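Listed here are the chains, written in short residue letters.
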Amino acid sequence: MEDALPSGLLEVCLVVGVPREQLRTQLQDTQRKPRSLLPLDPEVLSVFVPPFISRDDIHSTNTSGNNFNRGKRRSFRKKKERPKLENAKTLNGDQKAPGTEDITVPKDIDLIGLPQLCFPGGLYITSEPREDHIHFLVFTDVCGNRTYGVVAQYYQPMQVCYLTHPGCFVPLAICVISRYPYFNALKDCLSCLLVQLRSFKDLDVDDHIKEFAAKLFLIPSPPPGPLHLVFNMKPLQIIIPSREDPDSPVIDLDLHLPLLCFKPEQVLQIMTCILTERKMVFFSSDWALLTLVAECFMLYLHPLQWQHTFVPLLSRHMLDFVMAPTSFLMGCHADHFEEVSEDLILINIDDGNISHSKMVEEEPEIPDIPAQAAETFKKRVESLQLHYDLELCHLRATTDLGELQMRRRAWQQKLNTEVQQMTLQLIVNIFREVKDHLNYEHRVFNSEEFLKTRAIGAQPFYGKVSSVLNTLSFSRLNRKMDAFARLELSTQSEEDRFNLMFRTPRRLTMEKMASKRFNSQNIINRRMVISMPNLQDIKLPESPTRKSSLRRIETGIGDAAGCKKIHAFTNSFSTFKIPEIHFPLMSHCVHSYYTEFFNHLSKAINTLPPDNSALLARYFYLRGLISLMQGKLLNALSDFQNLDKTDLRIFPTELVRKIVETLPPSERFQADRKPELKRLISLVMEQQREVTKIDDHVKHFELPKTHMQLDDFVKRIQESGIVRDIDTIHRLFDALTVGQQKQIDPETFRDFYNYWKETEAEAQEVNLPPAVIEHLDKNECVYKLSCSVKTNYGVGKIALTQKRLFLLTEGGRPGYVHIAAFRDIEDVKNTTVAFLLLRIPTLRIETIYKKQVFEANLKTECDLWYLIVKEMWAGKKMADDHKDPQYIQQALTNVLLMDAVVGALQSSKAIYAASKLSYFDRMKNEVPMMIPKTTSETLKHKINPSAGETFPQAIDVLLYTPGHLDISERPDNAHPKLWCALNEGKVVVFDASTWTIQQHCFRMGRCKLTCMVMVEQSQVWIGSQDSIIYIINTHSMSCNKQLNDHHSDITDIVVEKKNGIPSEAYSSSLDGTVIAWNISTLKVNRAFQLPCQNLTSIKLHNEQLWCCTGSCIFVMSTYEFRLQMKIEHHLKDVCSYFLCFQLFPERNEVWASYSGSSDLYIWNTKDFASTPQKIHLQDCSEITCMIQVKNQMWVGSSGTSQGKIKGKIYVISAEKKTVEKELFGHADTVKALCSAEDRYVLSGAGKEEGKIAIWKVE
């Protein structure tokens, strides 16, 4: 159990030096002066290992009878007579401090090697005292876990027989070892200790160091988040910084140190050496710099990690470590620079040089980091203010040490944040495009293709970072939302978001081509949008929107119970003052300390505003730990349970599980009597049983070596990244197997794959002249070029983009001649023209606005271009008719597959085979699809949240959230959003100003999501069939809170507003439970159980809650949950039940539908006894959803047409009770409807189609 407890600041404290007897003997034997003495071997003189007082004693005054905190008493006193260091290990292998009484040292602390690291340059007696010196250590165990040490060396006069020996000063080292890299904090602590030791005699030093170690042991480490801990270590206030989030490292050092030691180009070289896993040795004449600079580079890698040997400080006895055969990063004193002769990268911190130790004529080159990423990094380094003195110029002088310390810390935190963002941006810029070569379904990374598509100058670098690529591809395939993913998402270009929606083959856009040609910096403007766009004429997004320069303004709380708000430029954090620890260290003193700590935390919790959930979570976490140390296990569980509603990310699952396992029967009985604790215990133990191993394999794409049936072919094509859609792959299979058995041999697959990739590579080399580029839209790409042909417009090459055909004329100056936009084509013919005795195949294209017919003598290419143009023409017509831009992208994929099939087969059947891929052309000819005029006029746009998935996915819930200019969030978050709930808990979020995907598939549990509502500007609540309400922070787009009080499927959530401000939220579950929530505190205000189950939805109006169950609709008062009215099921069909309902409060009406019925029933809310009105909907099988918009009711349904399920929307006039419009917009059941500002209605379809339609409201 104790292993699960988070460590305090201190793991162990040691005093290292030379035993007094050995010193006296050497001085007497040699009669030498101190200067002439050889270096002595340091030994461990004292060891101080927690706990310094038994935990049984700590809570002996309030015994709880539990097994949680019981540990044996361990001494920290060394014996007067010390055995040799070689005897430091016990028979069972556990280390014990040499010459101590029953002290067990942590297994990963090497007491034999540690003294050398405390005196890495040797231990010398001096004739005069030297300045105190501090340096830092890092230890790594066989599992890669790191422990950190801070060593303070100080000199004291040598004493012989209690008399000071004149002219002899002996160095001692105090080493504090911690689980956390609190370099600055522990340095400050040791600095304070050294000041205090000056007033103590030699014999009293051990007692004082023991109190120092005990104090550090009792200081907990803060949980991740915006709360730092402060404690008093006279004369300084020590700040223990927290990690930014659970996935971030602790940063308590000056991250800009390498930028002071090296030029940006050299920093990039060192980063390259780390990423390419070279053998590196840092050198410096300052022992402290070795560890600090090496640690900075480790932090620059985040979220990547150095996976090899890491020993940033080697003593002079450890130099043979640099002969290790594997990759490593080590550090040693500059005096040993000439002694290293292996094949190593030598990095001199003192003079900022990087060299290679291999004695060859040509030193191996360190490959350059990709140019664009390197250039961005250099510019950001130049913009940093690295010198604190420049910050002080305009500030008044201060005489307050605390204020001075706080100023410096605030400046350093700001600079650290900037350096972190800069280095993270470097990592993201280098590896951003890894995601484009991943297949998530089959966990494949096409590393070979990734390397081929890199710029020529960057390929040497990428060729040597295979290990990093594997690590990154693993994280991306697991969809890990780490710092890399967050920055990548927040810096996505509009083109990246567009590519998320339309998986088209990679080609250079005109914008990129122009940038590549002129090497100029593109200025991309963004526009701030706070409302829905005008969809009268929606177009594909061609340029990103402009960002407004909104400055983030922090709002804070006042001082409360030791909590003080600190503004550190753009980042804000709070501090909590830990109470004083009183000595001597007796059980009642420790008990008093924990009690005072608990009381301070309780006061902070009670005085903190409930909407500051981030701080509340940290206080609950700390109070839970303190309760644990006091042995109050139920109190600890209660505090940890509160993390559900404040910040789930810091919930200590493993710790809570171990608490539950060690609960005594009496306390377990008490916990089971409290519903919230009983549920917590159930969830934690259930999670333990359901732990599933994360799929950790990453496959690298390889060409097949055996014949493939259809299923295997589908898998191989998806793995290759060529196309993901199952239906398209089936048509490709038919094309490649024309005239043969339905299997594909490895040679055919290889030819097809190679032709596709070669065509893709050739397209990247297309370089159009500026005179041509200016005629094209900046998001257009050239996807295919013909051979040079003769046309009636001149000689040149026919070029195909996603929008048009044009002729790239040849001659002295290549020019642009427009042939046709696909939407303007009237007819396409494949004919021949006579030339002497020959008939030359000719392509003829007629357009609407041109009388002249375009003719091109394409010869052998004519048949293929005929198929291509017809498919693009049909795809464009479908896209325009259905207002769905995905059709043109799919048509584009089809024609490129045709091209690859013809290129791969090279046979007489190639054109016939390619025709199998003419999907849209065949649809146009076989099933002419006329879109009704009403539908065409009302439908404005279609989007696909399942883009990039193997199959379409049903849209279970839709939610539109309006834009708002909240100064506390990023400007791009001010845009309106469309939230789409897909199957298995997936949520996709669209930017509703551009209809591009803002966040792709983050997951809320594994069950179907049933409802979504915006409770306030910063919160979206999502209900799930797993009985949990997930709370999404709309600023961070993450789920940090959840509500677990329901015990059945969540069915609906509604929000009550008073004076336009959300006051309460009501949630319902299938078992008939209704809960009223306080939105600020997330506490239950009231709860009610309906007399029947199958509660499917609730509505709120005029302080009345309308609850729809299968058999009736209840009307309850919101305050007392008292039944006021009830609408009974009135149909004779006993198998039917209420399916959905909607209030129309302006007309005092309630509209409802029954399962399996095509009729709408309307009751007057003032007279339920009267017979309801009935509206019959033609060609409707069942009404699935409805929504009130202005004076209309929009009704979604399912029906059948030609044996297939179709979705239809009926727009019904509330006044006339007649159907005004019938809208045919979906190829599957309409499952969800939502309104956007009463200007548009959005509808989502079932899994056969999986698309969202956007309709204009009249």
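Just so it is clear, the structure is predicted and the values come from calculations on it, not from any experiment.

Basis of the calculations
- Residues numbered from 1 in each chain as written.
- Predicted model: local features only at pLDDT ≥ 70, side-chain atom pairs only at ≥ 80, totals over all residues.
- Heavy atoms only, no water.
- Helix = DSSP H or I, 4+ residues; strand = E, 2+ residues; numbered from the N terminus.
- Buried < 20%, exposed > 50% of the residue type's maximum accessible area, 1.4 Å probe, protein only.
- Contact = heavy atoms within 4.5 Å.
- Areas by Shrake-Rupley, 256 points an atom, 1.4 Å probe, with all protein chains shown as cover.
- Polar contact = N/O pair within 3.5 Å; in protein donor to acceptor, adjacent residues only side chain to side chain.
- Phe/Tyr/Trp six-rings, centres within 6.5 Å; stacked < 30°, edge-to-face > 60°.
- Lys NZ or Arg CZ within 6 Å of the ring centre and 35° of its normal.
- Pairing = 2+ DSSP bridges.
- Salt bridge = Lys/Arg side-chain N within 4 Å of Asp/Glu carboxyl O.
- Core = buried A, V, L, I, M, F, W, Y, C linked by side-chain atoms within 4.5 Å.
- 1 Å grid on protein atoms, 1.4 Å probe; cavity = no way out; pocket = protein on both sides within 12 Å on 5 of 7 lines; lining within 4 Å.
- Points joined across faces, edges and corners; volume = space filled by probe spheres on them.
- Axes fitted to C-alpha atoms, helices over the stretch in contact; angles between N-to-C directions.
- Parallel < 35°, antiparallel > 145°, perpendicular 65-115°, else oblique.
- Left-handed = near helix turned anticlockwise from the far one by under 90°.
- Nonpolar A, V, L, I, M, F, W, Y, C, P; charged D, E, K, R; others polar.
- pLDDT = per-residue confidence, 0-100.
- Expected span 1.5 Å × (residues − 1).
- Lys, Arg positive; Asp, Glu negative; His and termini not counted.

### Points about the overall build of the protein
Then step 1. Each helix and strand counted, the protein has 32 helices and 52 strands in total.
Then step 2. Expressed as a percentage of its 1258 residues, the buried residues of the protein come to 56%.
Then step 3. Residue pairs in contact within the protein that sit at least 24 positions apart in sequence constitute 59% of those at least 6 positions apart.
Then step 4. About 55,600 Å² of surface is accessible on the protein, with carbon and sulfur atoms providing 49% of the total.

### Observations regarding the environment of Glu861
Then step 1. Counting through the fold element by element, Glu861 comes out in the loop between β24 (854-857) and α28 (862-882).
Then step 2. Look at Glu861 and you get buried, because its relative accessible area is 15%.
Then step 3. For the pair Glu861 and Ser786, spaced 75 residues apart in the sequence, the C-alpha separation amounts to 7.7 Å.
Then step 4. In this view, Glu861 contacts Lys784, Ser786 and Cys787; residues no more than four positions away in its chain are not counted.
Then step 5. Of note is the side chain of Glu861, whose polar atom sits 3.0 Å from the backbone nitrogen of Cys787.

### Quick look at the packing of aromatic side chains
Then step 1. Here the structure, examined in full by the defined rule, presents 31 aromatic pairs.
Then step 2. Plain terms: the ring middles of Tyr593 and Tyr594 are 5.3 Å apart, the flat faces sit at 45 degrees to each other, and that makes the pair tilted. Tyr594 matches Tyr593 in its accessibility class, with the two residues each being buried.
Then step 3. Each residue in the set Phe431, Phe445, Phe450, Phe461 and Tyr462 is aromatic and connected to the rest through ring pairs, giving one cluster.
Then step 4. The lysine or arginine in question, Arg454, covers the ring of Phe450, its NZ or CZ lying 4.2 Å from the ring centre.
Then step 5. Taking the ring centre of Phe598 as reference, the NZ or CZ of Lys632 above it sits at 5.8 Å.

### Some words on the pairing of strand β10 (residues 328-333)
Then step 1. Among the 6 residues of β10, 6 are classified as buried, and the element is accordingly described as predominantly covered.
Then step 2. By the bridge criterion, 6 bridges tie strand β8 (residues 279-284) to β10 in an arrangement that is parallel. Counterpart to Phe283 in the pairing with β10 is Cys332.
Then step 3. Where strand β9 (residues 309-311) and β10 come together, 3 bridges link them in parallel fashion. Across the sheet, Thr309 pairs through a bridge with Phe328, a residue of β10.

### Concerning the sheet that holds strand β13 (residues 438-439)
Then step 1. One open sheet holds the 3 strands; their spatial order is β13-β14-β17, and the pairing between them is mixed. Whereas interior strands pair on both sides, the edge strands pair on one side only; in this sheet they are β13 and β17 (699-700).

### Overview of the pattern of salt bridges
Then step 1. One pass over the structure, following the stated rule, counts 40 salt bridges.
Then step 2. Here Glu11 makes a salt bridge to Arg179, at a shortest N to O gap of 3.2 Å. Of the two residues, Glu11 sits in the segment before β1 (12-17) while Arg179 sits in the loop between β5 (163-178) and α4 (183-197), which places them 168 residues apart along the sequence.
Then step 3. Between Arg618 and Asp647 there is a salt bridge, with its nearest N and O atoms 2.9 Å apart. In this pair, Arg618 is assigned in helix α19 (residues 613-629) and Asp647 in the loop between α20 (633-641) and α21 (653-662), connecting sequence segments 29 residues apart.

### Regarding the nonpolar core
Then step 1. Leu14, Leu216, Phe231, Phe297, Phe431 and Phe640 are the most contacted members of the largest nonpolar core, which totals 199 residues.
Then step 2. A per-element tally of this core places helix α8 (residues 287-300) first, with 12 residues.
Then step 3. Here Phe297 is in contact with Pro258, Phe262, Val267, Ile270, Met271, Ile274 and Phe282, once residues within four sequence places are set aside.
Then step 4. With 66 residues, the next largest nonpolar core counts Trp865, Val869, Ala904 and Ala914 among its residues.

### A short note on empty space enclosed by the protein
Then step 1. Tallying each qualifying case throughout the model produces 7 cavities of 30 Å³ or more.
Then step 2. Estimated volume of the largest cavity: approximately 130 Å³.
Then step 3. Ile274, Leu275, Glu277, Leu301, Leu304, Gln305, Trp306, Gln307, His308, Ser467, Val468 and Thr471 together form the lining of the largest cavity.
Then step 4. Elements with a minimum of two residues in the lining of the largest cavity: α7 (264-275) and α14 (466-477).

### Topic: the sheet that holds strand β34 (residues 1050-1058)
Then step 1. A sheet is described by the order of its strands in space; here 4 strands give the open sequence β34-β35-β36-β37, paired in antiparallel fashion. Each edge of the sheet is formed by a strand with only one pairing partner; in this case those strands are β34 and β37 (1084-1089). For this sheet, the mean angle separating the axes of adjacent strands, direction not counted, is 15 degrees.
Then step 2. Taken together, the 5 bridges between strand β35 (residues 1061-1069) and strand β36 (residues 1073-1078) define a ladder with antiparallel strand orientation. By the bridge assignment for β36, Tyr1066 is matched with Ala1076.

### A word on unusual backbone geometry
Then step 1. Here Lys234 and Pro235 are connected by a cis peptide whose omega angle stands at 10 degrees.
Then step 2. Counting through the fold element by element, Pro235 comes out in the loop between β6 (227-233) and β7 (236-240).
Then step 3. The peptide bond linking His302 to Pro303 adopts the cis configuration, its omega dihedral lying at 10 degrees.
Then step 4. Tracing the backbone shows Pro303 in the loop between α8 and β9.
Then step 5. A positive phi angle, close to 50 degrees, is found at Gln906, a residue other than glycine.
Then step 6. By the element assignment, Gln906 lies in the loop between α29 (886-905) and α30 (910-915).
Then step 7. Gln906 sits in the exposed class, given a relative accessible area of 63%.
Then step 8. Positive phi, normally seen in glycine, also occurs at Trp995, with a value near 60 degrees.
Then step 9. Here Trp995 shows up in the loop between β28 (986-991) and β29 (996-1003).

### Section: the packing of helix α25 (residues 726-736) against α29
Then step 1. Packing of α25 against α29 brings their axes to within 11 Å, and their N-to-C directions diverge by 25 degrees. When the interaxial angle is binned, α25 and α29 end up roughly parallel. Handedness of the α25/α29 crossing: right-handed. Here Thr728, Arg731, Leu732, Ala735 and Leu736 of α25 lie close against α29, whose contacting residues are Gln890, Asn894, Leu897, Val901 and Leu905.
Then step 2. Considering only residue class, the contact of α25 with α29 consists of 6 nonpolar, 3 polar and 1 charged.

### Brief notes about the confidence of the model for the protein
Then step 1. In this model, the protein carries a mean pLDDT of 84, and residues with pLDDT of at least 70 account for 85%.
Then step 2. This model gives residues 97-101 a pLDDT under 50, and the stretch forms 18 contacts once residues within four places in sequence are excluded.
Then step 3. Confidence over residues 536-570 falls short of pLDDT 50; this stretch has 89 contacts with residues more than four positions distant or in other chains.

### Some words on α4
Then step 1. Along its 15 residues, α4 runs 21 Å from first to last C-alpha, staying within 8% of the 21 Å computed at 1.5 Å per residue.
Then step 2. Of the residues making up α4, those classed as buried are Phe183, Ala185, Leu186, Asp188, Cys189, Leu190, Cys192, Leu193, Leu194 and Leu197.

### A few points about the packing of helix α9 (residues 371-382) against helix α11 (residues 401-431)
Then step 1. For the pair α9 and α11, the least separation of the axes is 9 Å and the interaxial angle reads 170 degrees. Relative to α11, the element α9 lies roughly antiparallel. The residues of α11 that touch α9, namely those facing Ala373, Thr376, Phe377, Arg380 and Val381, are Glu418, Gln421, Met422, Thr423, Gln425, Leu426, Asn429 and Ile430.
Then step 2. In the contact of α9 with α11, the residues fall into 6 nonpolar, 5 polar and 2 charged.

### Observations concerning the environment of Ser786
Then step 1. Structurally, Ser786 is set in strand β18 (residues 784-791).
Then step 2. Residues Ser786 and Leu808 lie 22 residues apart in sequence; the distance between their C-alpha atoms is 9.8 Å.
Then step 3. With near-sequence residues (within four places) excluded, Ser786 lies in contact with Lys797, Ile798, Leu858, Glu861 and Trp865.
Then step 4. Side-chain polar atoms of Ser786 contact the backbone nitrogen of Ile798, separated by 2.8 Å.

### Some words on the side chain of Asp1228
Then step 1. Tracing the sequence through the fold places Asp1228 in the loop between β49 (1219-1226) and β50 (1230-1236).
Then step 2. Despite being buried, Asp1228 has no salt bridge partner; Lys1247 is the closest side chain of opposite charge, sitting 7.5 Å away.
Then step 3. With sequence-adjacent residues up to four places away left out, Asp1228 is seen in contact with Ile1205, Lys1206, Gly1207, Ala1245, Gly1246, Lys1247, Glu1248 and Glu1249.

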